[in-house]
2 protein chains.
Amino acid sequence: VRFELLGRDGGARLGKWVTPHGEVRTPALLPVIHPGQQVIPAREMHDKFGVQMVITNSYITWRNPALRERALKQTIRGLIDFPGPVMTDSSTFQMYFYGKELEVDNATIVSFQRDIGSTVGTILDIFATPDMTESEVGQAVDTTLHRAREAQPHKGEMGLALPVQGGTFPALRERCARAMAGMDAAMHPIGGVVPLMEQQRYADLVHVIAASQRGLPAGRPVHLFGAGHPLVFPIAALLGCDLFDSASYSKFAQDGRMILPDGTAILDELEELPCACPVCSATTARELRALPTSEREAQLARHNLHVSVAELRRVREAIRAGRLWELVEQRCRAHPALLDALRSLDAHAGWLERREPLSKPSALFYTGSETLARPDVQRLRARLLERYRSPCEAAMVVEHAPRPFGRTLGGKWAHARAHGVQLLVKTPFAAIPVELDEVYPVAQSHEPRLWDRDAGKGFTRFLDAMLAAHGWKLVTEEEVAALPAKEGPRLDDARVRATLDVQFGRGAAEALLRAPVRFRKSATTGRVRNVFSEGEHILSLRASDGYASLKLAGARRLHAELPPPRLRVVVDADSAPFQREGRNAFAKFVRAVDDELRPGDECLLVDDADRILACGRLALNGDEAASFRHGVAVDVREGVVSRGSADEDGEGLQPV
Amino acid sequence: VRFELLGRDGGARLGKWVTPHGEVRTPALLPVIHPGQQVIPAREMHDKFGVQMVITNSYITWRNPALRERALKQTIRGLIDFPGPVMTDSSTFQMYFYGKELEVDNATIVSFQRDIGSTVGTILDIFATPDMTESEVGQAVDTTLHRAREAQPHKGEMGLALPVQGGTFPALRERCARAMAGMDAAMHPIGGVVPLMEQQRYADLVHVIAASQRGLPAGRPVHLFGAGHPLVFPIAALLGCDLFDSASYSKFAQDGRMILPDGTAILDELEELPCACPVCSATTARELRALPTSEREAQLARHNLHVSVAELRRVREAIRAGRLWELVEQRCRAHPALLDALRSLDAHAGWLERREPLSKPSALFYTGSETLARPDVQRLRARLLERYRSPCEAAMVVEHAPRPFGRTLGGKWAHARAHGVQLLVKTPFAAIPVELDEVYPVAQSHEPRLWDRDAGKGFTRFLDAMLAAHGWKLVTEEEVAALPAKEGPRLDDARVRATLDVQFGRGAAEALLRAPVRFRKSATTGRVRNVFSEGEHILSLRASDGYASLKLAGARRLHAELPPPRLRVVVDADSAPFQREGRNAFAKFVRAVDDELRPGDECLLVDDADRILACGRLALNGDEAASFRHGVAVDVREGVVSRGSADEDGEGLQPV
């Protein structure tokens with residue numbers, strides 16, 4: 001099995017998980033198939049619902065002589081008739097559910113899963129419940145870890161699922177995860193969470209997932225055991241869960257309950273079916289109720305599965321579009337307990353921020369005060385305080401402006417700057433210097449006109465922090481005019497300098513822009529596209545997010561001026577010659593990544609003696625580069641021995 | 001045509017609109033059918049999508065000789081082959097769209113619509129755009145009103161749609177609506193709103209709808225002209241819009257755009273289809289793109305229509321379940337401009353509160369600070385300040401308690417009350433006296449544990465208002481113990497008194513509960529079910545919302561103690577004998593309704609000399625009772641000459 005990253009948003013990943021029995025695109029739902037009876041045939045799930053992998057229970061198969069024999073003869077995939085990869089669970093959940101030890105041991109059930117050809121088999125871990133004490137849970141974790149080690153010699157070619165237990169104790173979750181990370185495993189389920197979901201303790205679920213993730217290796221799929229209600233898919237995916245499994249589609253159907261993306265409906269209470277799925281579009285509530293029991297159950301199960309797999313398509317599309325936060329924020333309005341879960345993400349902002357890409361293909365929407373806790377908003381604020389630099393001594397605030405700010409406020413900004421005053425635009429995200437109007441998320445964000453109190457208070461507090469950080473005095477428009485005027489900078493020049501400092505850190509603009517500096521602008525938009533210094537093409541500014549793509553000449557300057565580890569990605573000596581030639585750097589050859597770098601950041605590729613090899617764009621953060629064994633860590637743009645671009649003559653440039 | 005109310009929530013109605021060509025359940029979408037070419041055949045819409053009514057254009061039909069002849073011969077319903085009611089539009093929108101006068105006049109197009117057998121035909125109103133000045137719009141309104149009068153003699157048996165224009169000027173909208181209300185009409189479209197929706201000016205749309213509604217008669221269907229994106233269905237329904245129409249399903253399909261409940265996706269940008277509808281469940285984005293143009297368009301149109309009609313099923317189910325506010329609040333997170341629309345509802349709280357029922361079948365969810373502006377929350381606050389009464393001199397706040405509060409806080413409450421201190425529970429909705437723990441929305445509400453700033457500030461401000469209104473001093477738990485103790489009331493007794501005052505106004509508990517008072521309790525829940533005073537069964541407390549259902553004996557006491565118009569519904573002399581016998585009161589016989597009464601309130605039915613006839617539960621507010629000509633205004637429980645219930649002996653009662 002191998003796991004590769006195809007895309008990302010928040011802490012979520014679009015993954016390609018390649019198993020010997022087929023490929024799975026994650027985040028994915030593995031419907032639970034009963035080995036003996038199928039409400040929806042497994043093959044129909046594959047053919048009609050686009051299900052790529054299912055999970056079934058090895059203990060039920062093992063216990064039943066007829067099933068056992070058939071599974072050993074035809075493999076588990078043959079038994080349930082599923083043409084793709086099949087995961088098997090041990091009897092852990094049954095032991096929890098029935099509250100007693102069952103007659104099978106860890107080595108036996110792991111060996112059995114191997115013998116029936118499971119794609120991924122699960123050890124017999126101990127299900128720690130939320131009502132256990134810390135010491136009880138600690139013992140359960142120890143036993144689980146012991147069993148994980150015990151299982152290794154029995155797994156054969158089968159992928160092993162090593163679950164993270166630890167109840168609701170973050171330290172135990174992290175310890176268990178870290179120990180599991182050191183063992184050979186195909187993936188890691190986060191176990192023991194069903195009671196939390198049943199009791200709608202979604203904030204606790206967030207803390208459990210986050211604590212587990214802190215200890216888990218980024219390069220393996222993470223599975224949320226027993227999560228089958230779409231209510232939790234978006235937020236769990238945001239926290240890096242790649243796989244879900246659940247029998248909910250059929251269990252809910254047995255009880256006459258209909259799964260919806262924002263809750264559950266009871267068929268008997270409905271007059272109309274509040275859903276667009278093939279079942280609900282072709283029939284009425286009355287007709288559904290009138291069906292014979294088994295047929296009604298099958299139709300409700302199909303409805304439940306349609307809704308669940310569609311919600312995962314929606315989650316994957318949201319990751320592709322950079323809109324997962326918006327989806328999570330919308331879905332978390334479905335219940336106050338989910339709102340608590342959303343609000344509790346703030347406690348894990350650090351972990352989330354490390355995964356959050358530099359920018360996104362979509363605009364950032366303010367959907368409520370919770371948006372202010374988003375890592376990209378917090379990052380913007382932090383970088384405005386720490387990285388942005390302005391020569392001004394005072395600042396003035398503009399209450400509202402359409403984007404891009406420079407277009408409507410350019411004249412006002414120039415006037416203010418000529419008087420030594422920085423012009424800031426008031427948004428709930430930050431007090432934003434006008435010249436940063438093209439970078440993500442400044443240009444690509446929308447807020448309501450009517451503010452809540454958190455937005456107002458947050459702005460005031462941030463403005464105070466900005467004034468303090470930059471030593472600015474706050475002035476009014478009248479006061480600006482009264483200050484002495486001199487010649488101020490041009491907006492384009494200030495924009496490029498501010499962008500580079502915010503993107504690369506203080507000192508970057510100075511290092512990159514040695515006079516004479518010239519710009520090439522887009523003929524259609526008038527925006528700066530290429531930046532040349534001393535005749536060299538240093539960087540280009542991307543239209544998509546306003547940030548710089550480094551050329552090698554720019555990378556050399558940053559390398560010379562900024563000491564290691566700043567902006568560095570160190571690659572293995574075996575790999576270095578390829579990067580020098582401009583070839584991408586694979587994750588398994590990355591030795592170290594500057595801890596300040598984030599996915600999407602520009603980086604300098606160096607060897608272990610800090611000799612520059614190339615420049616490129618980082619696809620993974622440091623933890624990920626250290627953990628992934630497949631896929632590209634850096635998209636290299638230019639290596640030191642690759643041909644330079646044709647732009648370096650700087651012909652037709654506008655001097656600054 | 002007749003319009004009846006079957007259910008309600010917020011300002012929204014579940015309606016039954018009976019036309020000569022069939023029945024329509026509202027809120028409903030009338031897809032736009034082109035009289036000459038149908039992307040989805042109208043009959044398929046009826047048979048497969050559950051569409052009950054469509055709209056088509058009379059001008060296009062009139063202008064094309066072939067279509068005109070066929071429509072005159074087969075009727076418009078025959079021409080487009082739709083087996084239900086068909087509404088026709090005039091050329092108003094075409095004139096707006098092409099920006100010029102067309103060759104047809106008002107009388108001609110109205111007469112033509114009559115001649116082709118339209119179920120409902122539309123006058124040639126003037127489309128006032130958002131960029132027109134107030135005086136231009138005023139003139140357009142005058143012309144529109146003139147044409148509405150002019151159309152009357154031409155309409156024949158056809159129902160007339162009299163649109164409300166007035167641009168974005170609330171006073172003009174209201175004036176136009178009020179004048180239209182005085183004329184004979186089958187329904188009222190709110191016109192001129194397409195530019196607002198195209199420009200995502202959803203807050204302005206809210207103000208336009210609300211201003212129009214202030215002038216419109218509650219008893220006729222209200223149609224939002226040109227609204228076809230499900231984004232606006234929930235909030236427009238909340239504001240009392242009953243009908244929607246739009247060509248969006250097909251126009252979007254032409255552009256390769258997919259309508260979703262929370263936005264629009266572009267097929268070319270999708271890798272997966274983020275939807276569960278029959279089209280999206282049976283095919284992939286790649287397969288859809290590969291279809292021949294006309295087939296792709298038809299499939300996208302089907303997707304768009306599936307999503308749109310499902311969203312209206314969802315809206316109708318939300319109204320039935322009393323969960324429309326929750327749906328609106330969730331959907332309005334889809335875009336900051338919709339969040340503005342949600343926040344701008346606060347400006348219309350008065351109108352909304354008059355329609356908001358006393359209680360709902362579902363719990364109230366706190367989904368964000370916007371929830372605090374809900375009419376039921378504002379009403380709770382107002383009634384706690386104005387109607388609730390406590391003999392205490394001080395109050396103490398409990399930070400958090402599970403519901404029902406009395407179960408966990410009963411002992412603490414008794415202790416505090418014995419020391420003359422009222423125990424309040426802190427929730428974002430209000431500071432809630434513990435003894436009110438069974439009434440809506442106190443018992444039926446959920447909030448997150450983590451509060452936003454608006455919730456905190458709102459609580460503090462409300463607590464201050466409560467302390468001032470009731471003359472309470474705020475004390476701590478220690479201070480309570482230091483106060484002198486006497487015997488305090490029993491929780492059940494206080495609960496019944498507080499409930500009655502909050503429900504009926506101050507003085508009600510005193511009027512109803514003359515000693516000796518006895519309770520009958522539920523054997524299973526232990527909750528007070530029936531209340532007897534001086535041996536008479538006075539009232540029952542409902543399990544569903546905790547409020548009282550009056551028995552006639554109770555109604556007589558309120559009638560004697562509370563002066564008119566309090567709690568009164570005055571019925572016509574023709575109707576009075578029926579109410580005396582316990583029969584329901586129909587809207588058309590209602591003369592007057594106490595302005596303080598709300599849907600779901602208990603009321604006293606009286607004749608014009610204020611003689612009591614019966615007691616019952618109000619289904620309509622005063623405006624509605626005055627406007628509806630069909631349906632029940634009061635569900636009568638007991639008339640003065642109907643047999644009393646068997647409960648009046650008070651056997652097995654618990655003395656208070």
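So, a few notes on the structure that sits alongside this text. Everything numeric here is computed off the predicted structure, so don't read it as measured data. (Residues numbered from 1 in each chain as written. Chains lettered and ligands numbered in written order. Predicted model: local features only at pLDDT ≥ 70, side-chain atom pairs only at ≥ 80, totals over all residues. Heavy atoms only, no water.)

Quick look at the relation of the copies chain B and chain A
- Of the transformation placing chain B onto chain A, the axial shift is 0.0 Å and the rotation is 180°, giving an RMSD of 0.1 Å. In the structure described here, the two chain copies are related by an operation that fits a two-fold rotation axis. (Least-squares fit on C-alpha atoms with pLDDT ≥ 70 in both.)

As for the pattern of salt bridges
- If you walk through the whole model with that rule in mind, you get 114 salt bridges over all chains.
- Close ionic contact of Asp376(A) with Arg374(A) constitutes a salt bridge, the shortest N to O distance being 2.8 Å.
- Residue classification places Arg374(A) among the buried positions, given a relative accessible area of 0%.
- Between Arg403(B) and Glu447(B) there is a salt bridge, and its shortest N-O distance comes to 2.7 Å. Remark: Glu447(B) occurs in the loop between strand S18 (445–446) and helix H20 (453–470) and Arg403(B) occurs in the loop between strand S15 (394–398) and helix H19 (405–418); sequence separation between them is 44 residues. (Salt bridge = Lys/Arg side-chain N within 4 Å of Asp/Glu carboxyl O. Buried < 20%, exposed > 50% of the residue type's maximum accessible area, 1.4 Å probe, protein only. Helix = DSSP H or I, 4+ residues; strand = E, 2+ residues; numbered from the N terminus.)

Digging into the sheet that holds strand S4 (residues 28–33) of chain B
Residue and element names in this part refer to chain B.
- Taken in spatial order, the 8 strands line up as S8-S7-S6-S5-S4-S11-S10-S9 in an open sheet, and their pairing is parallel. In this open sheet, the two edge strands, each paired with only one partner strand, are strand S8 (159–161) and strand S9 (188–190). Each neighbouring strand pair of the sheet contributes to a mean axis angle of 30°, computed without reference to strand direction.
- Pairing of strand S5 (residues 54–57) with strand S6 (residues 86–89) involves 4 bridges; the strand directions are parallel. Residue pairing in the sheet places Ile-55 in a bridge with Met-87 of S6.
- Most of the contacts of helix H5 (residues 106–115) go to strand S7 (residues 120–122), to which it runs at about 165°, and overall it touches S6, S7 and S8. (Pairing = 2+ DSSP bridges. Axes fitted to C-alpha atoms, helices over the stretch in contact; angles between N-to-C directions. Contact = heavy atoms within 4.5 Å.)

Quick notes on the packing of aromatic side chains
- Counted by the stated rule, this structure contains 14 aromatic pairs over all chains.
- For the ring pair Phe93(A) and Phe127(A), a centre distance of 5.9 Å and an interplane angle of 65° mean the geometry is edge-to-face. Within this pair, whereas Phe93(A) is found in helix H4 (residues 92–98), its partner Phe127(A) is found in the loop between strand S7 (120–122) and helix H6 (134–151), the two being separated by 34 residues in sequence.
- An angle of 40° between the planes, with centres 4.9 Å apart, marks the rings of Phe233(B) and Phe244(B) as tilted. One end of the pair, Phe233(B), is in helix H10 (residues 233–238); the other, Phe244(B), is in strand S11 (residues 243–246), with 11 residues separating them in the sequence. The same class applies to Phe233(B) and to Phe244(B), which are both buried.
- Sitting over the ring of Phe252(B), Arg257(B) keeps its end group 3.9 Å from the ring centre.
- Above the ring of Trp451(B), the side-chain terminus of Lys426(B) is found at 5.1 Å from the ring centroid. (Phe/Tyr/Trp six-rings, centres within 6.5 Å; stacked < 30°, edge-to-face > 60°. Lys NZ or Arg CZ within 6 Å of the ring centre and 35° of its normal.)

These values are about where atoms sit, not about what they do.
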